[in-house]
Amino acid sequence: MCNGEGEYVCQNSQCRCQCAEEFPQCNCPITDIQIMEYTLANMAKSWAEAYKDLENSDEFKSFMKRLPSNHFLTIGSIHQHWGNDWDLQNRYKLLQSSMEAQRQKIQRTARKLFGLSVRCRHNPNHQLPRERTIQQWLARVQSLLYCNENGFWGTFLESQRSCVCHGSTTLCQRPIPCVIGGNNSCAMCSLANISLCGSCNKGYKLYRGRCEPQNVDSERSEQFISFETDLDFQDLELKYLLQKMDSRLYVHTTFVSNEIRLDTFFDPRWRKRMSLTLKSNKNRMDFIHMVIGMSMRICQMRNSSLDPMFFVYVNPFSGSHSEGWNMPFGEFGYPRWEKVRLQNSQCYNWTLLLGNRWKTFFETVHIYLRSRTRLATVLRNETGQGPVDLSDPSKRQFYIKISDVQVFGYSLRFNADLLRSAVQQVNQSYTQGGQFYSSSSVMLLLLDIRDRINRLAPPVAPGKPQLDLFSCMLKHRLKLTNSEIIRVNHALDLYNTEILKQSDQMTAKLC
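Residues numbered from 1 in each chain as written. Predicted model: local features only at pLDDT ≥ 70, side-chain atom pairs only at ≥ 80, totals over all residues. Heavy atoms only, no water.

## Some details on the overall build of the protein chain
Phase 1: Within the protein chain, the regular secondary structure consists of 12 helices and 22 strands.
Phase 2: Classification of the 511 residues of the protein chain by burial places 42% in the buried group.
Phase 3: When contacts within the protein chain are restricted to residue pairs at least 6 apart in sequence, long-range pairs at least 24 apart make up 66% of them.
Phase 4: In the structure as shown, the protein chain presents an accessible area of about 29600 Å², 47% of it carried by carbon and sulfur atoms. (Helix = DSSP H or I, 4+ residues; strand = E, 2+ residues; numbered from the N terminus. Buried < 20%, exposed > 50% of the residue type's maximum accessible area, 1.4 Å probe, protein only. Contact = heavy atoms within 4.5 Å. Areas by Shrake-Rupley, 256 points an atom, 1.4 Å probe, with all protein chains shown as cover.)

Here is the structure:
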């Protein structure tokens, strides 16, 4: 039974070989394990070959041929063509059913392999092959369209509209067609150079292979940013609506914190940080957002000795934390938090009403929570860290929980393409030696927009310059470089002082 390498011992209805010292692996069926590992390796190869079979099939090749090549195809447009090709769909369903049967076979073989290896000194190293998702198939199609040239191939990155070529070469990328349709201004790519636009939609003109809005000079500032809104409430109305948590004022943000969980008690004696963010550059690119108030619901233990304090930083148009400004509660006429206790509870509604006077742009709100304790200094030596123990009466009085955090405000429509075109005209006038007269109405419009944006900056001490929110908008929403931002602001300042003969208002850099 043990091939002379040990003694066959049975105990508790289980029998095994008790290996001799010179044969420590007598219980390990090495030959069977090697056979199963070889089988699994072959299954993994056939798994990869099944994907290649689909790519080499007549259905897939005809699908690739039918895809339009005269303009750029996004993942979404490829998905539409993919779903409309019935022959490819039937072939893809056959692949899915065969891959499911093969996956179950691989799992059964792997379980047998691990079962045989229980009494071995080495553990088998096997990883199940991953199934290619529909998103990966669409990305594969995109790579075959644009990264398959000169006998080389690579992976296409739609966010960068470029290829990452394999094999340390850059020769795999084909000319990337221009983008047409949807919200884009281009109607057809150029026949001479497919990467450039050949004709534009109505309301746009062709300039060096790109479409620019026509008659920007005659556009009103509301076409760039809709400063006017239907939510034109007085401050007393706003205060009433905030107290009632009116849904018209909700701004749906994402709560982010590694230190606090909503509706969970924690010890706030050390600084805690949480953020409310919008991610407009990814999700809502056609809007910028205004904050007119905030609210938090904070619950404390009975006879609590803590008095929460908040420090709030605002990022107006995205960016790093250093590109935010601190709300000066109670200074220069700025409002303070209002605290109202809820009936029959230890919870309080903390409300900050900015109103029409102190409303401002926001993309992310960072809230730092500190707490002032009313206990003697002798009792403040603990760090306040570690797990919360609600059963300890001496510590329970410190704990609080935040059950809700909400930003109130509204969104303004924002036409980034139109504004970028106007900024480029100003930039071009500046580089041509200050020829402002050819684009004087654009200058006036941008001066008006800059003034209206910077007017919503936070209050500062007398004698200090106002924060420059306009440059933050140029940097984060129009993606201009620092040199371009400097040229645009300088051009506007020159036009304001030399042409309009008005004094220039100094601003402090924020972004």
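## Some words on a positive patch on the surface
Phase 1: Together, Lys 105, Arg 108, Arg 111 and Lys 112 line one region of the surface with positive charge.
Phase 2: Considering the arrangement of structural elements, one finds Lys 105 in helix α4 (residues 86-116). (Patch = residues over 30% accessible without salt bridge, like charges linked within 9 Å, V, L, I, M, F, W, Y side chains within 5 Å. Salt bridge = Lys/Arg side-chain N within 4 Å of Asp/Glu carboxyl O. Lys, Arg positive; Asp, Glu negative; His and termini not counted. Charge placed at Lys NZ, Arg CZ, Asp CG, Glu CD.)

## Examining the pattern of salt bridges
Phase 1: Enumeration according to the criterion identifies 11 salt bridges in this entry.
Phase 2: Of the charged contacts in the structure, one is a salt bridge between Glu 55 and Arg 132, with a shortest N-O distance of 3.0 Å. Linking Glu 55 in helix α1 (residues 30-55) with Arg 132 in the loop between α4 and α5 (134-146), this pair joins segments that are 77 residues apart in sequence.
Phase 3: Overall, Glu 55 belongs to the buried group, its relative accessible area being 15%.
Phase 4: Salt-bridge contacts for Arg 174 lead to Glu 149; the nearest nitrogen and oxygen are separated by 2.9 Å. Here the residue Arg 174 occupies a position in the loop between β5 (162-165) and β6 (186-189), and Glu 149 occupies one in strand β3 (residues 148-149), the gap between them amounting to 25 residues.
Phase 5: In this structure Glu 149 comes out as partly exposed when scored by relative accessible area, which is 28%.
Phase 6: Put simply, Glu 55, Arg 132 and Arg 140 are held in one network by salt bridges that share partners.

## Brief notes about the sheet that holds β5
In sheet architecture, strand pairing relies on hydrogen bonds along the backbone and comes in two forms, parallel and antiparallel.
Phase 1: Spatially, β3-β4-β5 is the arrangement adopted by the three strands of the open sheet, whose pairing is antiparallel. Taken across any chain shown, the strands that pair with only one partner, and hence form the sheet edges, are β3 and β5.
Phase 2: Where β3 lies against strand β4 (residues 152-157), two bridges are found, and the strand directions are antiparallel. Bridging from a neighbouring strand, Asn 148 pairs with Trp 153 of β4.
Phase 3: Each of β3, β4 and β5 is contacted by α5, which is oriented at about 125 degrees to β4, the strand it contacts most. (Pairing = 2+ DSSP bridges. Axes fitted to C-alpha atoms, helices over the stretch in contact; angles between N-to-C directions.)

## Regarding the side chain of Thr 360
Phase 1: Counting through the fold element by element, Thr 360 comes out in strand β18 (residues 360-361).
Phase 2: A polar contact of 2.8 Å, which involves the side chain of Thr 360, links it to the backbone oxygen of Leu 456.
Phase 3: Leaving out residues up to four positions away in the same chain, Thr 360 has contacts with His 289, Met 290, Val 291, Trp 325, Leu 456 and Leu 469. (Polar contact = N/O pair within 3.5 Å; in protein donor to acceptor, adjacent residues only side chain to side chain.)

## What to know about unusual backbone geometry
Phase 1: A positive phi angle is found at Asn 12, which is not glycine, with a value near 55 degrees.
Phase 2: Note that Asn 12 resides in the loop between β1 (6-11) and β2 (14-19).
Phase 3: Its identity as a non-glycine residue notwithstanding, Lys 479 has a phi of 60 degrees, on the positive side.

## Here's the deal with the packing of helix α11 (residues 469-476) against helix α12 (residues 482-499)
Phase 1: It is at 10 Å that the axes of α11 and α12 come closest, and there the two elements cross at 140 degrees. On the basis of their axis angle, the class for α11 and α12 is oblique. Every pair of crossing elements has a handedness; the one defined by α11 and α12 is right-handed. Contacts between α11 and α12 involve Phe 470, Ser 471, Leu 474 and Lys 475 on the former and, on the latter, Ile 485, Val 488, Asn 489 and Leu 492.
Phase 2: Residue classes in the contact of α11 with α12 are distributed as five nonpolar, two polar and one charged. (Parallel < 35°, antiparallel > 145°, perpendicular 65-115°, else oblique. Left-handed = near helix turned anticlockwise from the far one by under 90°. Nonpolar A, V, L, I, M, F, W, Y, C, P; charged D, E, K, R; others polar.)

That is the geometry; function is a separate question.
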